[in-house]
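# Residue-level structural notes
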Amino acid sequence: EYICIDASGEHDSLPFDLNKLLCTEYNFTKQFDIVSNLGTFEHVFNIANCFENMHNVCKRDGLMLHVIPCNCK
C-alpha cells in the first residue's frame, strides 16, 4: 500500500498538517515498512513532530529515508 501525505491534497494525497501529530490530530495509526521524507521537512515549522510522525508510522525494523536538499560547494 502506498500513501502520500501532502497539505495540498493533490494526487489523492492525505491533506494532513505535518506540524501536528498525526495520531492525535487525525487518528492516523497505519504503519509502513518504508517511510520517506523527500524534502518535505524543510517546509514545516515543527520538525520534532515531523520526526515523531515518521517514527510512529514506520513499522518496527522498518526503513526511514530522508532526502534533504543541500547547497554544497
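Residues numbered from 1 in each chain as written. Predicted model: local features only at pLDDT ≥ 70, side-chain atom pairs only at ≥ 80, totals over all residues. Heavy atoms only, no water.

## Description of the confidence of the model for the protein
- For the protein, the mean per-residue pLDDT works out to 91, and 97% of the residues sit at or above 70.
- For the protein, the element scoring lowest by mean pLDDT is strand 1 (residues 32-38), at 93; helix 1 (residues 22-25) scores highest, at 97. (pLDDT = per-residue confidence, 0-100. Helix = DSSP H or I, 4+ residues; strand = E, 2+ residues; numbered from the N terminus.)

## A word on the pattern of salt bridges
- Across all of its chains, the model carries 3 salt bridges by this definition.
- In this structure, E25 and K20 form a salt bridge, with 3.9 Å as the shortest nitrogen-oxygen distance.
- A salt bridge links D33 to K59; its shortest N-O distance comes to 3.7 Å. With D33 in strand 1 and K59 in strand 2 (residues 58-67), this pair connects stretches of sequence that are 26 residues apart. (Salt bridge = Lys/Arg side-chain N within 4 Å of Asp/Glu carboxyl O.)

## Observations regarding the pairing of strand 1
- Here 6 bridges tie strand 1 to strand 2, and the two strands are oriented parallel to one another. Bridging across to strand 2, S36 finds its partner in L65.
- On the question of chirality, the crossover connecting strand 1 to the parallel strand 2 by way of helix 2 (residues 47-57) is right-handed. (Pairing = 2+ DSSP bridges. Right-handed = clockwise from strand over helix to strand, strands pointing away.)

## Side note on unusual backbone geometry
- Residues other than glycine seldom take positive phi values, yet N27 does so here, at roughly 55°.
- Residue position: N27 is located in the loop between helix 1 and strand 1.
- At D61, a residue that is not glycine, the phi angle is positive and equals roughly 65°.
- You can see D61 is positioned in strand 2.

## Comments concerning the state of the cysteines
- What the rule picks out here adds up to 0 disulfides.
- Left without a disulfide partner, C23 is nearest to the cysteine sulfur of C50, which lies 13 Å away.
- The exposure class assigned to C23 is partly exposed, which follows from its relative accessible area of 30%. (Disulfide = S-S within 2.5 Å. Buried < 20%, exposed > 50% of the residue type's maximum accessible area, 1.4 Å probe, protein only.)

## A word on the nonpolar core
- Within the largest apolar cluster, 12 residues are counted, these being F16, L18, L22, F28, F32, V35, F41, V44, C50, M54, V57 and C58.
- For this core, the secondary structure elements donating two or more residues are strand 1 and helix 2.
- Here the element with the most residues in this core is helix 2; it accounts for 3 residues.
- V57 has contacts with L22, F28, K30, Q31, F32 and V35, leaving out every residue within four places of it along the chain. (Core = buried A, V, L, I, M, F, W, Y, C linked by side-chain atoms within 4.5 Å. Contact = heavy atoms within 4.5 Å.)

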